[in-house]
Amino acid sequence: MDDHALVRSGLRAVLDATDDCQVVGEASTGEEAVALAPDVAPDVVVMDLSMPGAGGVPATAALRAAMPEVRVLVLTTFADDGRVRAALAAGATGYLLKDAAPDEVVRAVRAAARDETPIDPRVARALLPGGTSHASDGTSAAAGVQLPPRERDVLVRIARGLSNRQIATELGIAERTVKVHAGSLFRRIGVSDRTSAALWGRDHGY
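Residues numbered from 1 in each chain as written. Predicted model: local features only at pLDDT ≥ 70, side-chain atom pairs only at ≥ 80, totals over all residues. Heavy atoms only, no water.

Trainee: Can you explain the overall build of the protein? Please cite residues and give values.
Mentor: Across its full length, the protein holds 10 helices and five strands. Out of the 206 residues in the protein, the part that is buried amounts to 47%. Sequence separation of at least 24 residues holds for 60% of the intrachain contacts in the protein that already meet a minimum separation of 6. Carbon and sulfur atoms make up 52% of the accessible area of the protein, which totals about 9800 Å². (Helix = DSSP H or I, 4+ residues; strand = E, 2+ residues; numbered from the N terminus. Buried < 20%, exposed > 50% of the residue type's maximum accessible area, 1.4 Å probe, protein only. Contact = heavy atoms within 4.5 Å. Areas by Shrake-Rupley, 256 points an atom, 1.4 Å probe, with all protein chains shown as cover.)

Put into structure tokens, the structure is as follows:
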């Protein structure tokens, strides 16, 4: 969803050229996107943030409220902290910048469809709670955090973008147990959501 026809045309060409992606609709405003989505039932919506009318953030929130199964991948020129946080808080699954290579966009769309969290590394640092160094024994030297082995296992997989169900399958434990470990992990490293945990983990070498 983008107000520039040329951008929409380029995205359509890139996505339709793949074997597993098909563009089912286009919109030039957030309101059009929200109105169109129920009719075309997309798996992933590629959303610009700066459009006429309400814009991409309110449109993302409205889409996620009306169709929770739809994943929203932001594709924008803005990399500032405020817009990144606002988009993710509204329910965006991923966040890319418009100068991303075509193959990066395709990979991000596929990742979003798998309920993963594709985030452009150039905006990722804005979401980190702090600290950049990582000791080889699993301790964050900046934050002084020592992760128990199971929480470390969960963090590694969150950083890969896996869902709780996928993590449970890989570790051979119940999904409910994964949620318990994830909640404890979030409190330990000082974050409140999976995206921040994933970014923290990636920045600390997990």
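Trainee: So what's going on with the environment of A90? Residues and values would help.
Mentor: One can find A90 in helix α4 (residues 81–90). For A90, a relative accessible area of 16% puts it in the buried group. Expressed as a C-alpha distance, the spacing of A90 and R64, which sit 26 residues apart in the sequence, is 7.9 Å. Apart from residues no more than four positions distant in its own chain, A90 is found in contact with V57, T60, A61 and R64.

Trainee: So, the pairing of strand β2 (residues 71–76): which residues are in play, and what are the values?
Mentor: Counting buried positions along β2 yields six of six residues, so the element is predominantly enclosed. With burial as the criterion, each face of β2 is covered, one bearing R71, L73 and L75 and the other bearing V72, V74 and T76. Relative to β2, strand β1 (residues 44–47) runs parallel, the two being bridged by four bridges. Considered in β2, the bridge of V45 is made with V72. Handedness of the crossover is the feature at issue here: the chain leaves β1, passes through helix α3 (residues 56–66), returns alongside β2, and the resulting connection is right-handed. The pairing of β2 with strand β3 (residues 94–97) spans four bridges and is parallel. Bridge assignment links T76 to a residue of β3, and that residue is L97. Viewed along the sheet, the connection from β2 through α4 into β3 turns out right-handed. (Pairing = 2+ DSSP bridges. Right-handed = clockwise from strand over helix to strand, strands pointing away.)

Trainee: Pulling in residues and values, what's your account of unusual backbone geometry?
Mentor: Although it is not a glycine, A41 sits at a positive phi angle of roughly 50 degrees. Of note, A41 is situated in the loop between α2 (30–40) and β1. Despite not being glycine, D115 has its phi angle at roughly 65 degrees, a positive value. Topologically, D115 is positioned in the loop between α5 (102–113) and α6 (121–124). On the basis of relative accessibility, which here comes to 34%, the residue D115 falls in the partly exposed class.

Trainee: Which residues make up helix α10 (residues 194–203), and what values go with them?
Mentor: Among the 10 residues in α10, eight count as buried, and that is most of the element. Within α10 the residues assigned to the buried category are T195, S196, A197, A198, L199, W200, G201 and D203. Immediately downstream of α10, the backbone of G205 shows phi near 85 degrees, a positive value.

Trainee: Can you tell me about helix α1 (residues 5–16), naming the residues and giving the values?
Mentor: Across its 12 residues, α1 extends 16 Å between first and last C-alpha, which sits within 8% of the 16 Å expected from 1.5 Å per residue. Taken together, the buried positions of α1 are occupied by R8, L11 and L15. Each buried residue of α1 lies within a common arc of 65 degrees when the element is viewed along its axis, so the set occupies one face. Among the exposed residues of α1, those oriented more than 90 degrees off its buried face are A5 and L6. Contacts from the buried residues of α1 go to β1, β2 and α5. (Expected span 1.5 Å × (residues − 1). Arc of directions from axis to C-beta.)

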